[in-house]
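Chains, contacts and geometry: an overview
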Amino acid sequence: GESVGLHLPTLSVQEGDNSIINCAYSNSASDYFIWYKQESGKGPQFIIDIRSNMDKRQGQRVTVLLNKTVKHLSLQIAATQPGDSAVYFCAEKDRGAQKLVFGQGTRLTINP
Amino acid sequence: ETGVTQTPRHLVMGMTNKKSLKCEQHLGHNAMYWYKQSAKKPLELMFVYNFKEQTENNSVPSRFSPECPNSSHLFLHLHTLQPEDSALYLCASSQRVGGEETQYFGPGTRLLVL
């Protein structure tokens, strides 16, 4: 996941624009990746996942891209809506491990 | 709703109190997890249970005591906590431990230790 920092990275976008949230990971043995969305007062909610044998996966209005060469994961949200405002976490899992490792998260704010 | 419920949603306790957090999952999963989420830190895994057996204790202080009576229920017993234990405690479940198993989270219990 993302390196731990003192401040939560933030991204502000205009309503209707596309959003791209990035995540860097360091474990080359990670073979499974998930994006979660956490709204205020709620627990993390599963958005989309991707396995290491893929480099792209699409869902409803969301696309996850995986670049294993540079250990980079991104979440693209099309036509961002006010309801997309939340903190977005990436999580990775090592091949054979039993636990997910979460990144710090990125706060997405939608401007009207 | 994700199918994972947690009670209470909010809890304030003194350092000498004993309280318990409850988690229930209605997804037919076999693995359950406790996480701690505090400001300025990534989600921290605390405990993992697979088919009611604890498979991971992530160096959690003994003032946190988990209990898993069956695959659907998970408790976290709290005693003599410290103010730095104030955080959001999240429960999650997955079909099983390991593999490419998505974890589904409950809404969390917001804990404040005075």
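Residues numbered from 1 in each chain as written. Chains lettered and ligands numbered in written order. Predicted model: local features only at pLDDT ≥ 70, side-chain atom pairs only at ≥ 80, totals over all residues. Heavy atoms only, no water.

Okay, the overall build of chain A next. What chain A contains, in helices and strands, is 0 helices and 10 strands. Reading chain A from its N end, one meets helices and strands in the order β-β-β-β-β-β-β-β-β-β. With the principal axes as the frame, chain A shows a C-alpha extent of 45 × 30 × 25 Å. Taking all 112 residues of chain A together, 42% fall into the buried category. Once local pairs closer than 6 in sequence are excluded, the contacts in chain A between residues at least 24 apart make up 55%. (Helix = DSSP H or I, 4+ residues; strand = E, 2+ residues; numbered from the N terminus. Buried < 20%, exposed > 50% of the residue type's maximum accessible area, 1.4 Å probe, protein only. Contact = heavy atoms within 4.5 Å.)

Glancing now at the packing of aromatic side chains. Scanning the entire structure with this criterion turns up 10 aromatic pairs over all chains. Seen in terms of ring centroids, A:Tyr25 and A:Phe33 are 4.7 Å apart; in terms of plane orientation they differ by 50 degrees. Their pairing is tilted. Between A:Phe102 and B:Tyr35 the ring centres are 5.6 Å apart and the planes differ by 85 degrees, which places this aromatic pair in the edge-to-face class. In this pair, A:Phe102 sits in strand E9 (residues 100–102) while B:Tyr35 sits in strand E4 (residues 31–37), so the two residues belong to two different chains. Here the aromatic residues A:Tyr36, A:Phe46, A:Phe102, B:Tyr33, B:Tyr35, B:Tyr104 and B:Phe105 are joined through ring pairs into a cluster of three or more. (Phe/Tyr/Trp six-rings, centres within 6.5 Å; stacked < 30°, edge-to-face > 60°.)

Our focus in this paragraph is a nonpolar patch on the surface. A cluster of nonpolar side chains, contributed by B:Val12, B:Leu112 and B:Leu114, occupies part of the molecular surface with about 290 Å² of accessible area. Inspection of the secondary structure puts B:Val12 in strand E2 (residues 10–13). (Patch = residues over 30% accessible without salt bridge, like charges linked within 9 Å, V, L, I, M, F, W, Y side chains within 5 Å. Areas by Shrake-Rupley, 256 points an atom, 1.4 Å probe, with all protein chains shown as cover. Salt bridge = Lys/Arg side-chain N within 4 Å of Asp/Glu carboxyl O.)

Residue and element names in this part refer to chain B. Pairing within the open sheet is antiparallel, and its 4 strands lie in the order E1-E3-E8-E7. This sheet does not close on itself; its edge strands, each paired only once, are strand E1 (4–7) and strand E7 (64–70). Looking at each pair of strands side by side, their axes are set apart by 20 degrees on average, direction ignored. Note that E1 and strand E3 (residues 18–25) share 4 bridges and pair antiparallel. Bridge pairing links Val4 to Gln25 in E3. (Pairing = 2+ DSSP bridges. Axes fitted to C-alpha atoms, helices over the stretch in contact; angles between N-to-C directions.)

In the structure shown here, the tally under the stated rule is 2 disulfides over all chains. Each disulfide pairs two cysteine sulfurs, and for A:Cys23 the partner residue is A:Cys90, the sulfurs being separated by 1.7 Å. With A:Cys23 in strand E2 (residues 19–24) and A:Cys90 in strand E8 (residues 86–94), the pair connects residues that are 67 residues apart, well separated along the chain. For A:Cys23, a relative accessible area of 2% translates into the label buried. On the basis of relative accessible area, A:Cys90 is assigned to the buried category, the value being 2%. Across a sulfur-sulfur distance of 1.9 Å, B:Cys23 and B:Cys91 are joined as a disulfide pair. Between B:Cys23 and B:Cys91, the S-S dihedral sits near -70 degrees, and the bridge is therefore left-handed. You can see B:Cys23 sitting in strand E3 and its partner B:Cys91 sitting in strand E9 (residues 87–94), a full 68 residues away along the chain. You can call B:Cys23 buried: its relative accessible area is 0%. (Disulfide = S-S within 2.5 Å.)

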